[in-house]
Amino acid sequence: MPDTQITTPSPSFGRAMLAEFPLEPGGAYLNHGTVGVTPLAVMRARADLLDEIERHPSRFMIRELMSLGMSAPPKAPRLRAAADRVAAFLGASGNGLVFVDNASSGVNAVLRSIDFEPGDEILIPDQAYGGVARAAAFIARQRGATIKFVELSFPATDASAFVDAIERGITPRTRLALLDHVSSETALVMPLAGMAAACRARGVPVLVDGAHAPGAIDVDIEGLGVDWYAANLHKWCFAPRSCGVLWAAPERRAGLHPGVISWGISNDDWLQEFDWTGTRDPSPWLAAPAGLDFMHDVLGVAAMREHNHRLAWEGAQRLGERWGWRWATPEAMVGCMVSVPLPERLGPADVATAQRLRDALLFEHGIEVPVVVRNGALWARLSMQVYNDESDIERLEKAVESLS
Ligand SMILES: Cc1ncc(COP(=O)(O)O)c(C=O)c1O
């Protein structure tokens, strides 16, 4: 079970919270989901780590960070200690979890480690993140495998229909299912355990793209019944950028390799392989526990999620009412983000219009929010974080209504 049982130190969220973040004043930042904001406390913790490293870089990198076989192994490798802490938060054990730069690296490592054969199918929901779908298509093409996209309804009205759709998409050739935990453009919390169970029942291994899940929703990796879980900590876990994780089930660890092969390959030890992919800055990974501390000690995990979810949920209803559509998504499928359709009068549902509106919202109204095209409509995806409040939704509402 994840280690999230810490109670709230009664924070005051919204504008007052901006004091904890380096965001420039005056704007409405509704895009924590794409590019998370690092809290000042975490930036300081990272700066302290960098100072510590630079006091004796060689000792730190070769003797303290991890075991590279160039010296006696450190008693408590720093990277493993950080991994243990993160793993406990995500319902996993540290020896099943490695750091990667981002969810993309984690997904790519797994895809590259599977010996796909000609005719194999990789099952992917049509709501998958574009970069991840492209990585799967690239690897499939190299091996003569194919991608099978499964259509999931959007707007969503019923989580069990998603499980059924995945089940129906499985064929005797399905070699892997690549499932989101929280989808990107559509911002839906997927019924992942049910989808994974459907795959497992048909002997199909599951790789999860959990880019938006850690921090945003409760994640109990080992309880999900999946094979691999790739995720970001630099979105909703307040780690500095270039901080992601990859977890693998015990039977999936042998033969799992990072994108960059280095010394660890000789030792037949997947943890060493991932822990050293050449000389790089380890400070974002080592600062991940500071992000967890910020969530636990300054915000309170439950209070943070409650605030973010309430803003997203109520914001969607409010904008829905204003803009004339009925909100029918089940509440359990909404976490800290929500995608809302923009009024039709704003123009055709094409990429050029989406770009124009996004630019206008940022440059004319100071609102950073992604605008995407989906199912013949334009959607704004709102990310709600502790520094946001109702006034940001109001500001978006007014700005959209002033656009032509
Ligand atoms: C669902 C999903 N997967 C993967 C990614 C890629 O994340 P990163 O760029 O940190 O690798 C994103 C980015 O927003 C995402 O939304």
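In this text, all values refer to a predicted model and were calculated from it rather than measured experimentally.

Caption draft 1: Molecular detail of the pairing of strand E11 (residues 371-374). The pairing of E11 with strand E12 (residues 377-383) spans four bridges and is antiparallel. The residue of E12 that forms the bridge with Val373 is Leu378. Count of turn residues in the E11/E12 antiparallel hairpin: two residues, of which Asn375 carries a positive phi of about 50 degrees.

Caption draft 2: Layout of the layout of surface pockets. Estimated volume of the largest pocket: approximately 660 Å³. Taken together, 31 residues form the lining of the largest pocket, with Thr34, Tyr129, Ser184, Glu185 and Arg381 sitting closest to its centre. Within the residue set of the lining of the largest pocket, elements represented by two or more residues are helix H4 (103-113), helix H5 (130-143), helix H12 (351-365) and E11. Looking at the lining of the largest pocket element by element, the count peaks at four residues for H12. Among the residues making up the lining of the largest pocket, the classes are represented as twelve nonpolar, twelve polar and seven charged. Put simply, the second largest pocket is a space of about 280 Å³. Of the residues that constitute the lining of the second largest pocket, the class distribution is seven nonpolar, four polar and four charged.

Caption draft 3: Local environment of the pairing of strand E6 (residues 206-210). Along E6, five of the five residues are buried, which leaves the element largely enclosed by surrounding structure. The alternating pattern of E6 places Val206, Val208 and Gly210 on one face and Leu207 and Asp209 on the opposite face, and all of these are buried. Pairing between strand E5 (residues 174-180) and E6: four bridges, direction parallel. Bridging across to E6, Leu179 finds its partner in Val208.

Caption draft 4: Highlighting the site of the ligand. Every one of the 14 residues lining the ligand counts as a neighbour, but Ser104, Asp209, His212, His234 and Lys235 are closest to it. A distance of 3.4 Å separates an oxygen atom of the ligand from a polar atom in the backbone of Ala103. Within the side chain of Lys235, one N or O atom sits 2.9 Å away from an oxygen atom of the ligand. When the free accessible area of the ligand is taken as 400 Å², the share hidden by the protein chains comes to 89%.

Caption draft 5: Structural view of the sheet that holds strand E9 (residues 337-341). With antiparallel pairing, three strands are arranged side by side in an open sheet as E9-E12-E11. If you trace the sheet from one side to the other, it starts and ends with E9 and E11, each paired once. In this sheet, neighbouring strand axes are inclined to one another by 35 degrees on average, regardless of whether the strands run parallel or antiparallel. Taken together, the five bridges between E9 and E12 define a ladder with antiparallel strand orientation. Paired with Ser339 across the strands is Arg381, a residue of E12. Sheet strands in contact with H12 are E11 and E12, and its direction is about 160 degrees off that of E11.

Caption draft 6: Representation of helix H13 (residues 390-402) in the model. Compared with an ideal rise of 1.5 Å per residue, which puts 13 residues at 18 Å, H13 spans 19 Å between its outermost C-alpha atoms and is within 8% of the ideal. Residues of H13 that are buried: Asp392, Ile393, Leu396, Glu397, Ala399 and Val400. Packed against the buried residues of H13 are strand E1 (28-29), helix H11 (301-323), H12, strand E10 (367-368) and E12.

Caption draft 7: Here's a closer look at the packing of helix H6 (residues 159-169) against helix H7 (residues 192-201). Two elements in contact, H6 and H7, have axes whose closest approach is 9 Å; the angle formed by their N-to-C orientations is 25 degrees. Comparing their axes, H7 and H6 come out roughly parallel. With respect to the hand of their crossing, H6 and H7 are arranged in right-handed fashion. Judged by residue contacts, Phe162, Val163, Ile166 and Glu167 of H6 engage Gly194, Met195, Ala198 and Cys199 from H7.

Thresholds, definitions, all that
- Residues numbered from 1 in each chain as written.
- Predicted model: local features only at pLDDT ≥ 70, side-chain atom pairs only at ≥ 80, totals over all residues.
- Heavy atoms only, no water.
- Pairing = 2+ DSSP bridges.
- Helix = DSSP H or I, 4+ residues; strand = E, 2+ residues; numbered from the N terminus.
- 1 Å grid on protein atoms, 1.4 Å probe; cavity = no way out; pocket = protein on both sides within 12 Å on 5 of 7 lines; lining within 4 Å.
- Points joined across faces, edges and corners; volume = space filled by probe spheres on them.
- Nonpolar A, V, L, I, M, F, W, Y, C, P; charged D, E, K, R; others polar.
- Buried < 20%, exposed > 50% of the residue type's maximum accessible area, 1.4 Å probe, protein only.
- Near = heavy atom within 4 Å.
- Polar contact = N/O pair within 3.5 Å; in protein donor to acceptor, adjacent residues only side chain to side chain.
- Areas by Shrake-Rupley, 256 points an atom, 1.4 Å probe, with all protein chains shown as cover.
- Axes fitted to C-alpha atoms, helices over the stretch in contact; angles between N-to-C directions.
- Contact = heavy atoms within 4.5 Å.
- Expected span 1.5 Å × (residues − 1).
- Parallel < 35°, antiparallel > 145°, perpendicular 65-115°, else oblique.
- Left-handed = near helix turned anticlockwise from the far one by under 90°.

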